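Here's the letter readout for the chains.
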Amino acid sequence: MTTTTDADTGTDTRRAPGMLRRERIGHLLQHHGALMVLAVTVVVGAVAFDSFATPQNAANIVVSSSFLAIIAIGMTFVIISGGIDLSVGSSFVLAGVLAAYGSRYGLLVALLLPLTVCGAIGLVQGLIVARTGMAPFIVTLAGLLGMRGLMLAVSDEGANTYLVRNDAFSALGQASFLGLTVPVWITLGLALLGGVLLQRTGFGQNVYAIGGSEEAAVLMGVPVTRVKVLVYLISGLLAGLAGALNAARLSSGVTILGAGMELDVIAAVVIGGTLLTGGSGGLTGTMAGVLLLGVIQSLINQIGVLTSSFQQVVSGAFLALVVVTQRILHRAQRLS
Amino acid sequence: MATAVLEARGISKGFPGVLALDDVSFRLDAGQVHALVGENGAGKSTLIKVLTGVYRPDRGTLLLRDEPVTFDNPLAAQRAGISTIYQEVNLVPQMSLAHNLLLGREPRSRLGVTDTTQLYAEAERVMTRYGIRTDVRRPLRSLGMGTQQMVALARAVSIEARLVVMDEPTSALEPREVDTLFGVIADLRSEGISVIYVSHRLDELYRICDRVTVLRDGRVAHDGPLDELARVELVALMLGRDPAEIRRDGATKFTGEHTTTVGEPLVQARSVSCRPVLRDVSVQVRPGEVVGLGGLLGAGRSETAKAIAGALPVDAGTVTVAGQQVRRGSPAAAIRAGVSLVPEDRKAEGIVPTLSVRDNIALAALPQLSRSGVVSDARIDRIVDSFMRRLRIKAASPHQKVSELSGGNQQKVLLARSLATGAKVLLLDEPTRGIDVGAKAEVQALIDELAAEGLGVLLISSDLEELVEGADRVVVLRDGAVAGELSGDQVTEEAIMATIAATGETDG
């Protein structure tokens, strides 16, 4: 095919001057806003508190954030695809109980049992969402309730706390390498892998396409059902893994921690710049969002006067700020 | 005769209550640009969906290069070389141009991951061939509609298409972008790729199409070379008018001329523009007058009504009601000024199906019916009751759900809602479409009565007979601009069709 040489068409008049300045700023805020806020918060914290910018404190923040981060990786996939997974908190708790229970049969069972159960539930949720077109909110809410019930059944209404009786499995949660515990390294590895999967593979682009416009994705020949199922499977597996690692860290399947965690995860993902409407976002932002929540928690502990409940107030305020900013950016982009 | 690229034989497709396609046959030759035209409900979209694998026909066969085929889904049709560009660009706005263009065919590096450098280079190469040079990494939504359309076209062609279906590709394009598109279509034709081109713009059809198939009421009304068909004949075929049988008055319930058509204009739209759908449109309606808006689908009739009602963001122009300028782009301001729109799509834009008849009528009038924010139930009941009697709305009670009423009664509920706001001007968009004959006559009689009471009515209708008998004056639109105005004895079906068919002056 030749270039249209119609005089009126004037191919060169179509040349757009790259990205406009305003567009670039919007892009930067959208994708790296959380990172910038994180950097500022860290600098302010370091100046204000002597005990904040210590390697020990940094390690604490990173270690305690790692479980949230692992779940948030899966949630990022789900939200970019235009969905939501409310079941991850329950998944996380159930996986912890199952891992602790399974640890008496060895390391492999301790890992595989929670992964299988949470993966299977993720898979089923994905199948229901993708095949029936039911709202992910409802499907995963059912998952949340179901898994909470399952966890209570396994742990005799929470009365029975299984202890981890396997040193190899405990090491998975507690051993350190270069000053950071194993879960932190696993998080880093998964984030890297997830980033490549999302940005540099056809699967990742299909996730963006479905979240951006499912109808268009269908017409463009994207295997929508398969991609959606995979996304919920990934989310379930990662929530299961995080729960298992947490049990390893605590040496027991704690039944009360982690309820409501799904909301923290969603908050972290959204603060990280991923749009709840789908089609836009990324893992760098999510990681920054998770760390920001951790840093806020740590700072509030430093202040001392405030109880840690204020962490939620501040996180909530941040979330509101982010959502409003996104809205304004969105409108600005539409007008330009 | 050469092998047909695609042939449809005796295709029928029904939906509950309607036979959308009735024994339709269609043949497309290689390297041909084939126009597919017809008014709303003629079956164009259904035929396209059958050809592209979205629907399966109830009866009939599809032949691809003389081989019978069945498409289970759009993907199967795409694999067979049939690509479709839909009216609304069906790409992902948030994704980059390059990713949209090459989604599913991303170049990979040796590690198996996407090679972005190559991806962008390839996208740039492809788009250059379509006369577009821009940063292919930009998100699609930041680019103009023309560019987006071109990306959709490039994507469609790049998957080895032998046939490209274009469903009103120019409806959102600027004239310059249309030229680029036509350049590309000419290139496609010279490569032996066929195009099915759906549009209502006669100028465009005559510029690039070789053949035309006119559908009407699910049947083929005409099929043949386009250059042998005069414009007026084409318009007559589309609107379902056999020039021989036009002279047949009295089938509608309109009484004819109204006497009180003098006086100051009640509503006046001056040079309203909303590119690219409306250009410089001026319309005025006087008290007691029914002004018809004529034209083909997509000529800008609904848009004109919406612009007057403040429901369309206009670029330029003013709307005045009784001499007072109405704030632009505010439906609330228009309603306060006394302008009320009864939209074309009752279900999507009009009634609230889950609410009762009473609540639907009172909905828009609530601000007027409430005192310091509190709504008086008794006042609503009085008003609802009076309108139900006056408009002869047949419902079991005011509390019946509006979704349970017939189409005609739903339409009356919408009229009642407009009147309850104290409207002085009614903008009626296809008020009798999709309702049965008896109800149609009643609605028509009602429009007459309302005009006789001194209201101004802007009547949009694709039914020429309704337009001619119902309206005192008819403003004919073509491609978003006023093509002519007919009044008095000039208001005939022939004159309207001739105005639609007249060659548009080339502007832009």
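Structure: above.
Residues numbered from 1 in each chain as written. Chains lettered and ligands numbered in written order. Predicted model: local features only at pLDDT ≥ 70, side-chain atom pairs only at ≥ 80, totals over all residues. Heavy atoms only, no water.

**What to know about the overall build of chain B**
Then step 1. Within chain B, the secondary structure is distributed over 18 helices and 22 strands.
Then step 2. In summary, chain B has a C-alpha radius of gyration of 25 Å against a globular reference of 23 Å for 508 residues, a match within 12%.
Then step 3. In terms of principal-axis extent, the alpha carbons of chain B reach across some 75 × 55 × 45 Å.
Then step 4. Looking at the 508 residues of chain B, the share that counts as buried comes to 56%.
Then step 5. Counted over contacts in chain B with a minimum sequence separation of 6, partners at least 24 positions apart contribute 68%.
Then step 6. Only carbon and sulfur atoms are counted for the fraction: they give 49% of the accessible area of chain B, which is about 21000 Å².
Then step 7. Between the averaged position of the 59 positive side-chain charges in chain B and that of its 67 negative side-chain charges there is a distance of 6 Å. (Helix = DSSP H or I, 4+ residues; strand = E, 2+ residues; numbered from the N terminus. Rg over C-alpha atoms; globule rule 2.2 N^0.38 Å. Buried < 20%, exposed > 50% of the residue type's maximum accessible area, 1.4 Å probe, protein only. Contact = heavy atoms within 4.5 Å. Areas by Shrake-Rupley, 256 points an atom, 1.4 Å probe, with all protein chains shown as cover. Lys, Arg positive; Asp, Glu negative; His and termini not counted. Charge placed at Lys NZ, Arg CZ, Asp CG, Glu CD.)

**So, the pattern of salt bridges**
All names here are of chain B.
Then step 1. Enumeration over the complete set of coordinates arrives at 27 salt bridges over all chains.
Then step 2. A salt bridge links Glu7 to Arg27, with the shortest nitrogen-to-oxygen separation between them at 3.9 Å. With Glu7 in strand E1 (residues 4-15) and Arg27 in strand E2 (residues 18-29), the pair connects residues that are 20 residues apart, well separated along the chain.
Then step 3. Owing to a relative accessible area of 13%, Glu7 belongs among the buried residues under this scheme.
Then step 4. Judged by its relative accessible area of 24%, Arg27 is partly exposed.
Then step 5. In this structure, the salt-bridge partner of Lys440 is Asp463, at a minimum N-O distance of 3.6 Å. (Salt bridge = Lys/Arg side-chain N within 4 Å of Asp/Glu carboxyl O.)

**Side note on the nonpolar core**
Then step 1. Ranked by size, the top nonpolar core spans 183 residues in total, and within it B:Leu153, B:Tyr197 and B:Leu234 carry the most contacts.
Then step 2. B:Ala309, B:Val314, B:Val425 and B:Leu477 belong to the second largest nonpolar core, which has 30 residues in total. (Core = buried A, V, L, I, M, F, W, Y, C linked by side-chain atoms within 4.5 Å.)

**Description of the packing of aromatic side chains**
Then step 1. A complete count under the given rule lists 6 aromatic pairs over all chains for this structure.
Then step 2. Aromatic pair B:Phe15 and B:Tyr55: ring centres 5.2 Å apart, planes at 65 degrees, arrangement edge-to-face. Here B:Tyr55 lies in the loop between helix H1 (44-51) and strand E4 (59-64) and B:Phe15 lies in strand E1, a separation of 40 residues in the sequence.
Then step 3. We classify B:Phe15 as partly exposed; its relative accessible area is 29%.
Then step 4. On the numbers, 6.1 Å between centres and 70 degrees between planes, the contact of B:Phe182 with B:Tyr197 is edge-to-face. Here B:Phe182 is found in helix H6 (residues 175-190), whereas its partner B:Tyr197 is found in strand E8 (residues 194-198), with 15 residues between them in sequence.
Then step 5. Exposure remark for B:Tyr197: the relative accessible area of 0% places this residue in the buried category.
Then step 6. Three or more aromatic residues joined by ring pairs form one cluster here, namely A:Tyr101, A:Tyr105 and A:Tyr162. (Phe/Tyr/Trp six-rings, centres within 6.5 Å; stacked < 30°, edge-to-face > 60°.)

**Regarding the sheet that holds E2(B)**
All names here are of chain B.
Then step 1. Taken in spatial order, the 4 strands make up an open sheet running E2-E1-E4-E5, and their pairing is antiparallel. The open sheet has two free edges, formed respectively by E2 and strand E5 (67-69), since each of these has just one partner strand. Each strand of the sheet is rotated relative to its neighbour by a mean of 25 degrees, with strand direction disregarded.
Then step 2. Sitting on the sheet, H1 touches E1, E2 and E4, and the angle it makes with E2 is about 60 degrees. (Pairing = 2+ DSSP bridges. Axes fitted to C-alpha atoms, helices over the stretch in contact; angles between N-to-C directions.)

**Digging into the packing of helix H8 (residues 202-212) of chain A against helix H10 (residues 224-250) of chain A**
All names here are of chain A.
Then step 1. Relative orientation of the contacting elements H8 and H10 amounts to 100 degrees, with a least axis distance of 10 Å. Accordingly, the angle class assigned to the pair H8 and H10 is roughly perpendicular. Contacts between H8 and H10 involve Phe203, Asn206, Val207 and Ile210 from the former and Val224, Val227, Lys228, Leu230, Val231 and Ile234 from the latter.
Then step 2. Of the residues contributing to the contact of H8 with H10, the split by class is 8 nonpolar, 1 polar and 1 charged. (Parallel < 35°, antiparallel > 145°, perpendicular 65-115°, else oblique. Nonpolar A, V, L, I, M, F, W, Y, C, P; charged D, E, K, R; others polar.)

**What about the pairing of strand E9 (residues 211-216) of chain B?**
All names here are of chain B.
Then step 1. Note: strand E3 (residues 33-37) against E9, 4 bridges, orientation parallel. Each bridged residue has a counterpart across the sheet, and for Leu36 the counterpart in E9 is Thr213.
Then step 2. As judged from the 6 bridges shared by E9 and strand E10 (residues 219-225), these two strands associate in the antiparallel manner. Paired with Arg211 across the strands is Pro225, a residue of E10.
Then step 3. In this structure, the hairpin formed by E9 and E10 is closed by a connection of 2 residues, where Asp217 is found at a positive phi of approximately 50 degrees.

**Structural notes on helix H15 (residues 407-420) of chain B**
All names here are of chain B.
Then step 1. The terminal C-alpha atoms of H15, which comprises 14 residues, lie 20 Å apart, in line with the 20 Å expected from a rise of 1.5 Å per residue.
Then step 2. Summarising burial for H15: 13 of the 14 residues are buried, a large majority.
Then step 3. Positive backbone phi, at 80 degrees, marks Gly422, one or two positions downstream of H15. (Expected span 1.5 Å × (residues − 1).)

**A word on the side chain of A:Thr286**
Then step 1. Counting through the fold element by element, A:Thr286 comes out in helix H12 (residues 283-303).
Then step 2. Ignoring sequence-local partners within four residues, the contact set of A:Thr286 consists of A:Ala72, A:Thr76, A:Ala268, A:Val269, A:Gly272 and A:Thr274.

**Topic: helix H8 (residues 231-238) of chain B**
Residues and elements named next belong to chain B.
Then step 1. Of all 8 residues in H8, 6 are buried, a share of seventy percent or more.
Then step 2. Among the residues of H8, Arg231, Leu234, Val235, Ala236, Leu237 and Met238 are the ones counted as buried.
Then step 3. Of the surrounding elements, those touching the buried residues of H8 are E3, helix H7 (202-208), E9, E10 and helix H18 (493-501).
Then step 4. Phi for Gly240, located one or two positions after H8, is positive at around 75 degrees.

**Quick notes on the environment of A:Leu233**
All names here are of chain A.
Then step 1. Inspection of the secondary structure assignment puts Leu233 in helix H10.
Then step 2. Leu233 sits 26 residues away from Ala259 along the chain, and the two C-alpha atoms are 20 Å apart.
Then step 3. Ignoring any residue separated from it by four or fewer positions in sequence, one finds Leu233 in contact with Gly119, Gly122 and Leu123.

**Digging into empty space enclosed by the protein**
Then step 1. Applying the stated rule across the entire model yields 4 cavities of 30 Å³ or more.
Then step 2. In this structure, the largest cavity encloses a volume near 240 Å³.
Then step 3. Taken together, 18 residues make up the lining of the largest cavity; nearest its centre are A:Leu219, A:Met220, B:Gln78, B:Thr84 and B:Tyr86.
Then step 4. The set of elements that each furnish at least two residues to the lining of the largest cavity consists of helix H2 (74-79), strand E6 (82-85) and helix H5 (145-158) of chain B.
Then step 5. In terms of residue count, the dominant contributor to the lining of the largest cavity is E6(B) (4 residues). (1 Å grid on protein atoms, 1.4 Å probe; cavity = no way out; pocket = protein on both sides within 12 Å on 5 of 7 lines; lining within 4 Å. Points joined across faces, edges and corners; volume = space filled by probe spheres on them.)

**Quick word on the sheet that holds strand E21 (residues 473-478) of chain B**
Residue and element names in this part refer to chain B.
Then step 1. Strand order in the open sheet made by the 6 strands is E16-E19-E20-E13-E21-E22, with mixed pairing throughout. The sheet is open, and its two borders are formed by strand E16 (339-342) and strand E22 (481-487), each paired with just one other strand. On average, each strand axis in the sheet is inclined to that of its neighbour by 20 degrees, with strand direction left out of account.
Then step 2. Across 4 bridges, the pairing between strand E13 (residues 290-294) and strand E20 (residues 456-460) is parallel.

**Topic: unusual backbone geometry**
All names here are of chain B.
Then step 1. With phi around 50 degrees, Glu430 is a residue other than glycine that occupies positive phi space.
Then step 2. The topology assignment puts Glu430 in the loop between strand E19 (425-429) and helix H16 (437-452).
Then step 3. Residues other than glycine seldom take positive phi values, yet Asp479 does so here, at roughly 50 degrees.
Then step 4. Within the fold, Asp479 resides in the loop between E21 and E22.

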